[in-house]
Amino acid sequence: MKTLLSGIKPTGRPHLGNYLGMLKPGLELASHNDYQSFLFIADYHALNFIQDQKLMRELVLEVALTYLALGLDPSKTFFYRQSDIPEIFELALILQCVCPKGFMNRAHAYKAIVDKNRAEGRDEDDGVNMGLFNYPVLMAADILMFNADYVPVGQDQIQHLEYTRDLAIKFNHIFGKTFKIPEALVKEEVAVLPGLDGRKMSKSYGNTIPLFEPDNKIKKIINSIKTDCKGANEPKDTEGNLIYLIYKELASPEETEAFAEAFHSGISYGEAKQKLYEKFIEYFSGPRAVYEDLKAHPDTVFDILAEGQKKVRPIAQEGIQIIRSKIGINRN
Ligand code: ADP
Ligand code: TRP
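Since the model is a prediction, treat every value here as computed from it, not as a measurement. (Residues numbered from 1 in each chain as written. Chains lettered and ligands numbered in written order. Predicted model: local features only at pLDDT ≥ 70, side-chain atom pairs only at ≥ 80, totals over all residues. Heavy atoms only, no water.)

Visitor: Could you clarify how one ought to interpret the site of ligand 2 in this entry?
Guide: Of all residues adjacent to ligand 2, which total 14 residues, the nearest are Lys9, Tyr135, Met139, Asp142 and Gln157. Here Tyr135 contributes a side-chain N or O atom positioned 2.7 Å from a nitrogen atom of ligand 2. Note that a nitrogen atom of ligand 2 is positioned 2.7 Å from one of the side-chain N or O atoms of Asp142. Compared with its free state, where it exposes 370 Å², ligand 2 has 92% of that area covered by protein. Elements that contribute at least two residues to the shell around ligand 2 include exactly strand 1 (2–8) and helix 8 (135–144). (Near = heavy atom within 4 Å. Polar contact = N/O pair within 3.5 Å; in protein donor to acceptor, adjacent residues only side chain to side chain. Areas by Shrake-Rupley, 256 points an atom, 1.4 Å probe, with all protein chains shown as cover. Helix = DSSP H or I, 4+ residues; strand = E, 2+ residues; numbered from the N terminus.)

Below is the structure:
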């Protein structure tokens, strides 16, 4: 049976980019009986960015609620917090020892900070902590710990998957075949969903459409999507239009066709945004009801995560024994 695994770091409220790029495809595959699936909250990955006790607690809950509201079935999917599985951190340390430093110097997130520091005349490592530098190694440990075959992610994570593959190959070469070589699964049409300002939709840019805000806030956010200055009645292009792109992901093919027609015959952007808003609210109304209900009972959510830990930890404990024996750090 093939294994599927993905995670999300609790650094903000989950948004439409996370949904279309990772949560939707991940949850769809996880609901198939022919996969074994692991979906988790990468809380130690978030510690690089969130260094506030209260906020960390809130955001971990927010990510857990999001998975469950969108249909994650904890009786089918291994659902857990990364921090509940200490074997992952042991594996991360082991992988660090086969990971050349120069390799990490080329990681996008780290390199972008170094380049910015250089351009602005600061010390090149200004603001970089070791957690950020080692981020890709911890992510490799998340994936290799459970020998995942497939990892559904958005495009920005492809380099991390390449690092994971390289580290697995390197380890296997030194110590003998231990890890499977995982593959990223990236959905092409929404590999990089643009945000309100046209840059990649990301919690770090504050340009997101969060999934479970109150209606009036969603309306305001959708109304702030940047458009060109084509007036009412002027025919509009669907190609590259964010309102159309999102609508298409949430609506049926017939509705999408009618929406495209409306674009060509000159629907105003105001009206198009109103239609998108209505579709968004309709699409997420079921999940939102579950979200609200669970949010009022956070203990239930933490109990579900504790159950997840009970199921996942023995798998990791068995896995780490094999890895320890490969490297000669146990009695056998
Ligand atoms: P963010 O950039 O908002 O911090 P994360 O890094 O936590 O998002 O991403 C969680 C998952 O969602 C990853 O698999 C990532 O590739 C995916 N993702 C994030 N933003 C987008 C986007 N704009 N389009 C497609 N997928 C995305
Ligand atoms: N780095 C991912 C992100 O920023 C989150 C993540 C951590 C992850 N570990 C993972 C994703 C393992 C897939 C598999 O979104």
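Visitor: Would you take a moment to explain unusual backbone geometry for this structure?
Guide: Leave glycine aside and you will find that most residues have negative phi; peptide bonds, for their part, are mostly trans. Here Asn147, not a glycine, exhibits a phi torsion of approximately 50°, which is positive. Of note, Asn147 is situated in the loop between helix 8 and strand 4 (150–152). The backbone phi angle of Asn233 is positive, close to 75°, even though this residue is not glycine. Residue position: Asn233 is located in the loop between helix 10 (215–223) and helix 11 (242–250).

Visitor: Help me understand the pairing of strand 3 (residues 77–81), please; the structure alone is not making it clear to me.
Guide: It is a general feature of regular strands that their side chains alternate between the two faces of the sheet. Burial of strand 3 is extensive: 4 of the 5 residues sit out of reach of the surface. By the bridge criterion, 5 bridges tie strand 2 (residues 35–41) to strand 3 in an arrangement that is parallel. Bridge pairing in strand 3 links Phe40 to Tyr80. (Buried < 20%, exposed > 50% of the residue type's maximum accessible area, 1.4 Å probe, protein only. Pairing = 2+ DSSP bridges.)

Visitor: So what exactly am I meant to see when it comes to the site of ligand 1 here?
Guide: By nearness alone, 19 residues border ligand 1, and His15, Asp156, Leu193, Lys200 and Lys203 come closest of all. Isolated, ligand 1 exposes 540 Å² of accessible area, and the fraction of that covered by the protein chains is 97%. Per element, the largest residue contribution to the shell around ligand 1 is 4 residues, and it comes from helix 1 (residues 16–30). Class assignment for the residues of the shell around ligand 1 results in 8 nonpolar, 7 polar and 4 charged. (Nonpolar A, V, L, I, M, F, W, Y, C, P; charged D, E, K, R; others polar.)

Visitor: What exactly am I supposed to notice about the pattern of salt bridges here?
Guide: When the charged atoms of two side chains lie near each other, side chains of opposite charge can form a pair. Counting across every chain of the model gives 23 salt bridges. As a salt-bridge pair, Lys295 and Glu62 come within 3.6 Å of each other at their nearest N and O atoms. Of this pair, Lys295 sits in helix 14 (residues 285–295) while Glu62 sits in helix 3 (residues 53–69), and the two are 233 residues apart along the sequence. The partner of Glu120 in a salt bridge is Lys116, and the shortest N-O contact between them spans 3.9 Å. By relative accessible area, which is 49% here, Lys116 ends up partly exposed. Several salt bridges share partner residues, and in doing so they unite Arg13, Glu62, Glu213, Lys217 and Lys295 into one network. (Salt bridge = Lys/Arg side-chain N within 4 Å of Asp/Glu carboxyl O.)

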